[in-house]
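Structural overview
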Amino acid sequence: MIAVVTGGSRGIGKVIAGALREAGFDVTSLSRSEGVDVTDRDAVQKALSTVEVDLLVNNAGTMDAIGPAWQVDPDLWRRDLETSVLGAFHCSRAVLPGMVDRGRGRIVNVSSGTAARAYPHASAYAAAKAAISSFTQSLAAETAEHGIAVFAISPGFVWTEMTERLRDSPWFPDFGSPNPNEPERAGELVLRLASGELDALSGRYIHVRDDIDQMLNE
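Rules of the game
- Residues numbered from 1 in each chain as written.
- Predicted model: local features only at pLDDT ≥ 70, side-chain atom pairs only at ≥ 80, totals over all residues.
- Heavy atoms only, no water.
- Pairing = 2+ DSSP bridges.
- Helix = DSSP H or I, 4+ residues; strand = E, 2+ residues; numbered from the N terminus.
- Axes fitted to C-alpha atoms, helices over the stretch in contact; angles between N-to-C directions.
- Expected span 1.5 Å × (residues − 1).
- Bend = angle between axes of the 7 residues up to and from the residue.
- Buried < 20%, exposed > 50% of the residue type's maximum accessible area, 1.4 Å probe, protein only.
- Polar contact = N/O pair within 3.5 Å; in protein donor to acceptor, adjacent residues only side chain to side chain.
- Parallel < 35°, antiparallel > 145°, perpendicular 65-115°, else oblique.
- Left-handed = near helix turned anticlockwise from the far one by under 90°.
- Contact = heavy atoms within 4.5 Å.
- Nonpolar A, V, L, I, M, F, W, Y, C, P; charged D, E, K, R; others polar.
- Salt bridge = Lys/Arg side-chain N within 4 Å of Asp/Glu carboxyl O.
- Lys, Arg positive; Asp, Glu negative; His and termini not counted.

**Notes on the sheet that holds strand β4 (residues 105-110)**
- Strand order in this open sheet of six strands is β2-β1-β3-β4-β5-β6, and the pairing throughout is parallel. Single-partner strands in this sheet number two, and they are β2 (26-30) and β6 (205-207). On average, each strand axis in the sheet is tilted by 20° relative to the strand beside it, whichever way the strands run.
- For strand β3 (residues 55-58) and β4, the ladder comprises four bridges, and the chain directions are parallel.

**Quick notes on helix α3 (residues 74-102)**
- Taking 1.5 Å per residue, 29 residues should reach 42 Å; α3 reaches 41 Å between its end C-alpha atoms and fits that length.
- Maximum bend of α3: about 40°, positioned at E82.
- By the burial criterion, the buried members of α3 are D80, T83, S84, G87, A88, H90, C91, S92, A94, V95, L96 and M99.
- Its side-chain oxygen 2.8 Å from the backbone nitrogen of D75, D73 forms the N-cap of α3.
- Two residues or fewer past α3, G103 is found with a positive phi of approximately 70°.

**Some words on unusual backbone geometry**
- The phi dihedral of H121 is positive, around 75°, even though this residue is not glycine.
- Relative to the elements of secondary structure, H121 occurs in the loop between β4 and α4 (123-143).
- A relative accessible area of 27% places H121 in the partly exposed class.

**Quick notes on the packing of helix α1 (residues 11-22) against helix α6 (residues 184-195)**
- One can describe the packing of α1 onto α6 by two numbers: an axis separation of 8 Å at closest approach and a directional angle of 50°. The orientation of α1 with respect to α6, classified from their angle, is oblique. Handedness of the α1/α6 crossing: right-handed. Contact residues: α1 offers I12, V15, I16, A19 and L20, while α6 offers E184, A186, G187, V190 and L191.
- For the contact of α1 with α6, a count of residues per class yields eight nonpolar, one polar and one charged.

**Examining the packing of helix α2 (residues 41-48) against α3**
- Relative orientation of the contacting elements α2 and α3 amounts to 35°, with a least axis distance of 9 Å. In terms of crossing hand, the pair formed by α2 and α3 is right-handed. For the pair formed by α2 and α3, the contact residues are R41, V44, Q45 and L48 on the first element and H90, C91, R93, A94 and V95 on the second.

**Comments concerning the pairing of β2**
- Here strand β1 (residues 2-6) runs beside β2; their pairing, made up of five bridges, is parallel. The residue bridging V5 from the neighbouring strand is S29, located in β2.

**A few points about the pattern of salt bridges**
- Under the defined criterion, the tally for this structure stands at eight salt bridges.
- One salt bridge in this structure joins D75 and R78, with 3.5 Å as the shortest N-O distance. Of this pair, D75 and R78 both sit in helix α3, separated by three residues, roughly a single helical turn.
- Looking at D75, the relative accessible area reads 48%, which means it is partly exposed.
- The partner of D199 in a salt bridge is R106, and the shortest N-O contact between them spans 2.9 Å. Taken together, the residues span a long stretch of sequence, with D199 in the loop between α6 and β6 and R106 in strand β4 at a distance of 93 residues.
- By relative accessible area, D199 is classed as partly exposed at 27%.

**Section: the environment of T62**
- Along the chain, the position of T62 falls in the loop between β3 and α3.
- Residues T62 and L198, 136 residues apart in the sequence, show an inter-C-alpha distance of 28 Å.
- Filtering out sequence-adjacent residues up to four positions away, T62 remains in contact with R32, R79, D80, T83, Y125 and M162.
- In this structure the side chain of T62 is engaged in a polar contact, spanning 2.6 Å, whose partner is the side chain of D80.

**Focus on the side chain of D80**
- For D80, the location among the structural elements is in helix α3.
- Despite its burial, D80 pairs with no opposite charge, the nearest such side chain being R79 at 5.2 Å.
- With residues near it in sequence (within four places) discarded, D80 still touches T62, M63, D64, A65, A124 and A128.

Pasting the structure below:
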């Protein structure tokens, strides 16, 4: 089984990629640090054009536009949005023709709880995650007849390189969580989604702490 994880060189992506490798997947990671910018359509197409991908995990994301929307650098705001949303689109678009032809495949988009609530001083990040959740629903509806399942997941609050940078930010004086999640929970959830046992939840948003059995019975 072949899996592609964007942003798989660090943070949550690295944990997910590691879990997939341990489970026997042949994993390719795509990130700027590894020479592929997911916002570059041609670079993504070149990287994935000859790969028969069974599982795509769209995890790449940035949170660099920090502060009130009228004060942040517009270029950073745009990059935060494009890395998550345009990156997920480019990668999905590159692998879906093959998935459709084979009549199977799974895509997991890493979203966030910020997609459904106000997240002041990180408006680009929140907007990007909201767009990812909406993209997931639309893509799941478009691909259902082709045997493809698409999910949005949230790892919850996890201490990563990205979140560590915000500890001392004046815009987040109480940043953090009294009960952070272990990053390994994201890897475990992706493995369950990759197995096919949760395909009935295609199009749904799933938090690592959700009662998945209850969701299946709803």
